[in-house]
Amino acid sequence: MKVKIRNSKAKKKKKTGFLTRQKTAGGRKINKRQRRRHGSF
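Residues numbered from 1 in each chain as written. Predicted model: local features only at pLDDT ≥ 70, side-chain atom pairs only at ≥ 80, totals over all residues. Heavy atoms only, no water.

(A) A look at the overall build of the chain. Secondary structure assignment for the chain yields three helices and zero strands. In terms of principal-axis extent, the alpha carbons of the chain reach across some 35 × 20 × 10 Å. Expressed as a percentage of its 41 residues, the buried residues of the chain come to 10%. Accessible area for the chain stands at about 4000 Å²; split by element, carbon and sulfur atoms hold 53% of it. (Helix = DSSP H or I, 4+ residues; strand = E, 2+ residues; numbered from the N terminus. Buried < 20%, exposed > 50% of the residue type's maximum accessible area, 1.4 Å probe, protein only. Areas by Shrake-Rupley, 256 points an atom, 1.4 Å probe, with all protein chains shown as cover.)

(B) Up close: a positive patch on the surface. The grouping of Arg28, Lys29, Lys32, Arg33, Arg35, Arg36 and Arg37 at the surface amounts to a positive patch. Tracing the backbone through its elements, the reader meets Arg33 in helix α3 (residues 25–38). For Arg33, a relative accessible area of 41% gives the class partly exposed. (Patch = residues over 30% accessible without salt bridge, like charges linked within 9 Å, V, L, I, M, F, W, Y side chains within 5 Å. Salt bridge = Lys/Arg side-chain N within 4 Å of Asp/Glu carboxyl O. Lys, Arg positive; Asp, Glu negative; His and termini not counted. Charge placed at Lys NZ, Arg CZ, Asp CG, Glu CD.)

Structure below.
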C-alpha cells in the first residue's frame, strides 16, 4: 500500500485503523477477535 508519508512511525499509525484492517482477510480476523473480546468497538 502506497502512503504519502515519509515518517515511519506516522506511517505505521496510518496503517492500523479499523478500515485499513478490514481490507485483508488477516485484518478482518483481527477485527473479529477484538469484537469477541470487547464487544462492538
